[in-house]
Amino acid sequence: MSTAGKFAMGIVGLAVVGGAGWYGGRIAVQHVVHDYILENPEILPQAMEELRRREAAKALGGVRQAVETPFPGAVLGNPNGKVTLVEFSDYACGYCRQSLPDVAQLIAKNPDLRIVVRELPIISPHSPDAAKMALAAAEQGKYAQFHDAMYKAGQVDAPTIEAVAKSIGLDMDRARRIAASPTVEAELGRSMEMAQRLGFSGTPSWIAGDKLIPGAVGFDQLSDAVKAARGA
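The numbers attached to residues start from 1 for each chain and follow its sequence in the written order. This being a predicted model, a pLDDT of at least 70 is required before a residue's local features are given, and a value of 80 or more before pairs of side-chain atoms are given or counted; all residues contribute to the totals for chains, interfaces and linings. The basis for the side-chain values is all heavy atoms of the structure; hydrogens and waters are excluded.

Colleague: Any chance you could explain the sheet that holds strand β1 (residues 75-77) here in plain terms?
Modeller: Strand-to-strand pairing in sheets goes through backbone hydrogen bonds, with the strands running parallel or antiparallel. Pairing between strands is defined by DSSP: at least two bridges between them are needed. Only DSSP runs of H or I covering at least 4 residues are called helices, and only runs of E covering at least 2 are called strands; the numbering of each starts at the N terminus. Read from one edge of the open sheet, 5 strands run β1-β3-β2-β4-β5, paired in mixed fashion. Each edge of the sheet is formed by a strand with only one pairing partner; in this case those strands are β1 and β5 (211-214). Taking the axes of each pair of neighbouring strands and ignoring which way they run, one obtains an average angle of 20° across the sheet. Relative to strand β3 (residues 113-119), strand β2 (residues 83-89) runs parallel, the two sharing 7 bridges. Note that in β3 the partner of V86 across the bridge is V116. Across the sheet, helix α6 (residues 100-109) is in contact with β1, β2, β3 and β4 (205-208); its angle to β3 comes to roughly 150°. Each axis is a line fitted through C-alpha atoms, taken for helices only over the stretch in contact, and angles between the N-to-C directions span 0 to 180 degrees. Only heavy atoms enter the contact rule, under which two residues are in contact if any of them lie within 4.5 Å.

Below, the structure is given as C-alpha cells:
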C-alpha cells in the first residue's frame, strides 16, 4: 500500500476509534494530519496545485464556451486548431509585448494551436481605441497583421492607432464604423466581465484547458499548459 493509502487507512482507523468520543477522535486525527504534513512536506505543493486546478475548473465551468469563442477573426495561429489557448491582452501592456516571441514560438511548434485573443483594454486611456480598431481589423480579416504591427509600434495613442490601421491596408471608413459599433462595444464588455469572473486583474492572462495563468510566464510554462490541454 502507498504512503498516501496508509495515511488514509490510519485516518479511518482513528475516526472509528474516536467513535467513543467524537471530540477526542477529532483531536487525534488533527494531530496525525499535523505530524504527517511535517514529515512529508512535499505533499503541500501537490495539494495546492490540485486546489488551483479545482478552483480553475469551477470558475471556467460556466464560461468556457464563451471565453473560447472569439470575436470573428480575432484569432492567431490555426483558426481551426484542435487545441485552444486564450490570451487576455492590452496593446499598452509591456508584458504582453514581451510575450510576443513566446506566442510566435508556440504557434511555430504547435500547428494545431488556436490562440483566441480577448481584448482587455485596462491600462491606457487609449487602450479601448486600440482594442476597437483591432476588432475592426478582425472584421476585415487582418487581425494578426494589426496585432503584430500595433505592438511593434511601441506606443498607444490616436495617431499611432490610425497609422497602424492604414499601414496594414484597412478600409478606414469601414474600420471606423465597425470600431464604433455596439457589437464591438459589447464584445469588450464581455471580455471585461469574463476576466473579472475568472479573477484576472491584469494582462497578459491565459487559459489553457483547466489552467488559469496570470502574467508573462514565458514559453516553457505556456508550452506545458498547451500540452496538458491537448492531452485532456
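After that view of the structure, there is still more to cover.
Colleague: Can you walk me through the nonpolar core in this structure?
Modeller: The term nonpolar core refers to a set of buried residues drawn from Ala, Val, Leu, Ile, Met, Phe, Trp, Tyr and Cys, joined through side-chain atoms within 4.5 Å. Relative accessibility decides the category of a residue: with a 1.4 Å probe and only protein chains considered, values under 20% of the type maximum give buried, values over 50% give exposed, and everything between is partly exposed. Ranked by size, the top nonpolar core spans 45 residues in total, and within it Y91, M133, Y143, F146 and L170 carry the most contacts. Of all the elements, helix α7 (residues 127-139) adds the most residues to this core, at 8 residues. Apart from the residues within four sequence positions on either side, Y143 is in contact with G73, A74, V75, L76, Y91, V117, E119, A134, A137 and A138. One finds V63, V86, M194 and A195 within the second-largest nonpolar core, a separate group that totals 12 residues.

Colleague: Whenever I open this one, helix α12 (residues 219-231) confuses me. Can you help?
Modeller: In an α-helix, one full turn covers 3.6 residues, which means residues spaced three or four apart are oriented alike. Take the residue count of a helix, subtract one, and multiply by 1.5 Å to get its expected span. Its 13 residues give α12 an end-to-end C-alpha distance of 18 Å, which sits within 8% of 18 Å, the value for a rise of 1.5 Å per residue. Within α12, the full set of buried residues consists of F219, L222, S223, A225, V226 and A229. The buried residues of α12 occupy an angular sector of 160° when the element is viewed end-on, so they sit on one face. Across from the buried face of α12, at angles greater than 90 degrees, the exposed residues are D220, K227 and G231. By construction, the arc corresponds to the directions joining the helix axis to the C-beta atoms.

Colleague: Hey, could you run me through the environment of M172 in this one?
Modeller: Relative to the helices and strands, M172 is located in helix α10 (residues 172-179). Given the relative accessible area of 11%, M172 is considered buried. Sequence-wise, M172 and A137 are 35 residues apart; in three dimensions their C-alpha atoms are separated by 9.6 Å. Not counting residues within four places of it along the chain, the set of residues in contact with M172 comprises M133, E162, A165 and K166.

Colleague: Please clarify how the packing of helix α8 (residues 143-153) against helix α9 (residues 158-167) should be interpreted in this entry.
Modeller: Between two packed helices, what matters for the description is the angle formed by their axes and the separation of those axes. α9 packs onto α8 with a crossing angle of 140° between their chain directions and a minimal axis gap of 10 Å. Here α8 is positioned oblique relative to α9, judged by the angle of their axes. For the pair α8 and α9, the sense of crossing is right-handed. On α9, the residues touching F146, A149, M150 and A153 of α8 are T160, I161, V164 and A165. Each residue is assigned to one of three groups, with Ala, Val, Leu, Ile, Met, Phe, Trp, Tyr, Cys and Pro labelled nonpolar, Asp, Glu, Lys and Arg labelled charged, and all others, Gly among them, labelled polar. Here the residues of the contact of α8 with α9 are counted per class, giving 7 nonpolar, 1 polar and no charged. Here the word oblique covers every angle except those under 35 degrees (roughly parallel), over 145 (roughly antiparallel) and from 65 to 115 (roughly perpendicular). Helix crossings fall into two classes, left-handed where the near helix is turned counterclockwise from the far one by less than a right angle and right-handed where it is turned clockwise.

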